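# Tertiary structure, described
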Amino acid sequence: TPPTEIPTKVKARIPSPSGNKVAILVEEPIAKNGEDARPGDTRTTLEIWADNGHSLTSRIVLSKDLHGKLSTDVAWFGGFSWNAEETALVYAAEAKLSKTASFFDEKKKDDEKPKGDNERADSTGGQFTLGVGKGEDWGEKYTGTSRLALFCANVETGKVDIISNVPGGVLEENSEGGYTLGQPVFTPCGKSVVYVGWDAGGGGSMPRRLGSIYCYQRPAKLYSSSVTQLLERLSSTKDDGSANEKDDEDFACLTPDDSLARSPRFSPKTPDGTSKLVYLCNTPGFDTHGGCMELHSLDWDVIAGSADINTRRILVKEVRLPSDNDAYAQTEKIGDMSFPGIFTNQLPTDCFSEDGEMVYMTTQWGSISKAIQISVEAGTIEPLKFALSSESGEASQAILGITKEGAIVAQSDPGRPMTVGFMSPNAVRGGDKATCVS
């Protein structure tokens, strides 16, 4: 397929696991009364394309009464995930604040009353109250991000609703900020969603928001929430109120003793009904902008739909000083530097090999970036070897993703622009060369 220009109205493109479906997030103008749309008069629509993305099956208009702007920044807060059956999507979006009104607005008192259980009353005089009409954002690049919540959409019925069994509850009105939720991913069983919760004041500590784009030490933990009952309600085609009204079980914290945890990723299911959940973690945390992370794993019981906390393992330990790194003394050096530990923002969306035995990622190794592969069983680390030019030298290399057909990689150096390549499974194992594709 040749390169295709993506229109500016397309904000995200989310292929399903099988590749048969594609969800496209579109921001489109709204024309009122036959006039041209004014700046800012837009709506967000989720288009579902089937038949390998060739036929449009549905368009779901995401109501502004349910949530605000979607977080499409998959490098940090945002994220989209399909369930295994490819019938539902989970995503992060700005929580809807209360409707506010000035003390001087002339309104009938009856108009200020909520009309239903899911509608919130106007907060008179609360336009500038933190947690009511205003939310404290997370600083540069995230000036429009204050308090993200998680939402689930059924792509067949078009129904969308909030995931309510989360830390901090749903849309509490307070000035402490609660939690900001993001990086959601469906579990392989499709019964739960695993996500990251950043402490924005709800955890009892002083929230540190401004400058989050460059500061990776903000307190965060991994949580899981059951969505079985929610998915059943969303899949119902009945509008007579007879749909299942049962609540899902309460959320569970998967990393209660860790100060920093993020980037949850699941391995393919094994025949015995288990899957590995791996994530980046630093138990004590750090005060610098960035720091060395560990790679941890948990067993996820696909049948029970829950994690076994007792199976937690440290696959890659924190490295304090590369020169004194006895734990990884056998790991191949890059230049004269031993393995310095994991320094990365996120794991690739698809970071597991097809058999689930290897995890692939990009990490900072001295002054360059390197793609590495980690054994899930032994925790051994090995640089991924490939060259996309005849003069590779000590070029920076990265792994962009893993597919059943192989690995997509990239390479760059100060005197050469980025080159994208492809590695077959045999090349990943060291038996073949990478193929340059750009």
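Keep in mind that what you see is a predicted model, and the values were worked out from it rather than measured. (Residues numbered from 1 in each chain as written. Predicted model: local features only at pLDDT ≥ 70, side-chain atom pairs only at ≥ 80, totals over all residues. Heavy atoms only, no water.)

## Quick notes on the overall build of the protein
Helices and strands together make up the secondary structure of the protein, namely 2 helices and 26 strands. In the protein, which comprises 438 residues, the proportion classed as buried is 46%. The long-range fraction of contacts in the protein, counting pairs at least 24 apart against all pairs at least 6 apart in sequence, stands at 54%. With the model as given, the accessible surface of the protein reaches about 22,800 Å², and the carbon-plus-sulfur share is 49%. (Helix = DSSP H or I, 4+ residues; strand = E, 2+ residues; numbered from the N terminus. Buried < 20%, exposed > 50% of the residue type's maximum accessible area, 1.4 Å probe, protein only. Contact = heavy atoms within 4.5 Å. Areas by Shrake-Rupley, 256 points an atom, 1.4 Å probe, with all protein chains shown as cover.)

## As for the pattern of salt bridges
Once their charged atoms are close, side chains differing in charge can pair, the charge on each being opposite to the other. As enumerated under the stated definition, the model contains 7 salt bridges in all. The closest approach of N and O atoms between arginine 43 and glutamate 28, which form a salt bridge, is 2.8 Å. Taken as a pair, arginine 43 in strand β3 (residues 42-50) and glutamate 28 in strand β2 (residues 22-29) lie far apart in primary sequence, 15 residues in all. Residue arginine 43 is classed as partly exposed on the basis of its relative accessible area, which comes to 33%. Residue arginine 59 pairs with glutamate 47 through a salt bridge whose shortest N-O separation is 3.4 Å. With arginine 59 in strand β4 (residues 55-62) and glutamate 47 in strand β3, this pair connects stretches of sequence that are 12 residues apart. (Salt bridge = Lys/Arg side-chain N within 4 Å of Asp/Glu carboxyl O.)

## Here's the deal with the nonpolar core
If you look at the biggest cluster of nonpolar residues, it comprises 24 residues, and the most contacted ones within it are Val278, Leu295, Val316, Phe339, Ile342, Val359 and Met361. The set of elements that each furnish at least two residues to this core consists of β17 (274-282), β19 (306-316), β20 (358-365) and β21 (368-375). The contact partners of valine 359, leaving out residues within four places of it in the chain, are Val278, Leu295, Cys351, Phe352, Ile372, Gln373, Ile374 and Val376. Of all hydrophobic cores here, the second largest spans 23 residues; its members include Val194, Ala261, Phe266 and Cys281. (Core = buried A, V, L, I, M, F, W, Y, C linked by side-chain atoms within 4.5 Å.)

## Things to note about the packing of aromatic side chains
A complete count under the given rule lists 13 aromatic pairs for this structure. Taking the centre distance of 4.8 Å and the plane angle of 65 degrees together, the rings of phenylalanine 77 and tryptophan 198 count as edge-to-face. Placement of the pair is phenylalanine 77 in the loop between β5 (67-70) and β6 (80-82) and tryptophan 198 in strand β13 (residues 192-199), with a sequence separation of 121 residues. In terms of burial, phenylalanine 77 and tryptophan 198 fall into one category: buried. Ring centres 5.7 Å apart and planes at 75 degrees place the aromatic pair tyrosine 223 and phenylalanine 251 in the edge-to-face group. Separated by 28 residues along the polypeptide, tyrosine 223 in strand β14 (residues 220-226) and phenylalanine 251 in the loop between α1 (228-235) and β15 (252-253) bring together distant segments of the chain. By the ring-pair criterion, three or more aromatic residues cluster together here, those being Trp76, Phe77, Trp138, Tyr142, Trp198 and Tyr216. (Phe/Tyr/Trp six-rings, centres within 6.5 Å; stacked < 30°, edge-to-face > 60°.)

## Side note on the sheet that holds strand β16 (residues 260-266)
Reading across from one edge, β16-β17-β18-β19 is the order of the 4 strands in this open sheet, with antiparallel pairing throughout. Strands with a single pairing partner mark the edges of an open sheet, and in this sheet they are β16 and β19. Geometrically, the sheet is characterised by an average inter-axis angle of 25 degrees between neighbouring strands, direction not taken into account. (Pairing = 2+ DSSP bridges. Axes fitted to C-alpha atoms, helices over the stretch in contact; angles between N-to-C directions.)

## Observations regarding a positive patch on the surface
Positive charge collects at one region of the surface, where Lys32, Arg38, Lys64, Lys96 and Lys99 lie side by side. Taking relative accessible area as the criterion, lysine 64 reaches 48% and is therefore assigned partly exposed. (Patch = residues over 30% accessible without salt bridge, like charges linked within 9 Å, V, L, I, M, F, W, Y side chains within 5 Å. Lys, Arg positive; Asp, Glu negative; His and termini not counted. Charge placed at Lys NZ, Arg CZ, Asp CG, Glu CD.)

## A word on empty space enclosed by the protein
On inspection of all chains with the given rule, the structure shows 2 cavities of 30 Å³ or more. Forming the boundary of the second largest cavity are Trp76, Trp198, Tyr216, Arg218, Ala220, Leu260, Ala261 and Arg262. At 3 residues, β16 tops the list of elements feeding residues into the lining of the second largest cavity. (1 Å grid on protein atoms, 1.4 Å probe; cavity = no way out; pocket = protein on both sides within 12 Å on 5 of 7 lines; lining within 4 Å. Points joined across faces, edges and corners; volume = space filled by probe spheres on them.)

## With respect to the confidence of the model for the protein
Any segment with low pLDDT has predicted coordinates that should not be analysed in fine detail. In this model, the protein carries a mean pLDDT of 83, and residues with pLDDT of at least 70 account for 86%. Across residues 114-120 the pLDDT falls below 50, and counting only partners more than four positions away or on other chains, this stretch makes 8 contacts in the model. (pLDDT = per-residue confidence, 0-100.)

## Thoughts on the sheet that holds strand β26 (residues 435-436)
Ordered by their spatial adjacency, 4 strands build an open sheet running β23-β24-β25-β26, and the pairing between neighbours is antiparallel. At either margin of the open sheet sits one strand with a lone partner, and together these are β23 (396-403) and β26.

## Things to note about α1
What α1 keeps buried is the set Gln229, Leu230, Leu231 and Leu234. Looking at the buried residues of α1, the elements they touch are β7 (88-95), β10 (148-154), β11 (160-162) and β12 (179-186).

## Concerning the environment of threonine 145
As for its position among the elements, threonine 145 is in the loop between β9 (123-124) and β10. A C-alpha to C-alpha distance of 9.4 Å links threonine 145 and leucine 70, two positions 75 residues apart in sequence. When residues no more than four places from it in sequence are discounted, the contact partners of threonine 145 are Phe77, Glu94, Glu136, Asp137 and Trp138.

## Section: the side chain of serine 224
With respect to the helices, strands and loops of the structure, serine 224 is situated in strand β14. Aside from chain neighbours lying at most four places away, what touches serine 224 is Val193, Val194, Tyr195, Phe251, Ala252, Leu254 and Trp300.

## Description of a negative patch on the surface
Negative charge collects at one region of the surface, where Glu354, Asp355, Glu357, Glu377 and Glu405 lie side by side. With respect to the helices and strands, the residue glutamate 405 is situated in the loop between β23 and β24 (406-413). Judged by relative accessible area, which is 52%, glutamate 405 ranks as exposed.

## Some thoughts on unusual backbone geometry
One non-glycine residue, glutamate 86, adopts positive backbone phi at about 60 degrees. Looking at the secondary structure, you find glutamate 86 in the loop between β6 and β7. The class for glutamate 86 is buried, based on a relative accessible area of 9%. A positive phi is found at lysine 141, a non-glycine position, where the angle reads about 75 degrees. For lysine 141, the location among the structural elements is in the loop between β9 and β10.

## Points about the pairing of β19
By the bridge criterion, 6 bridges tie strand β18 (residues 294-301) to β19 in an arrangement that is antiparallel. Counterpart to aspartate 301 in the pairing with β19 is serine 306. If you look at the hairpin formed by β18 and β19, you'll find 4 residues sitting between the two strands, and glycine 305 has a positive phi there, around 75 degrees.

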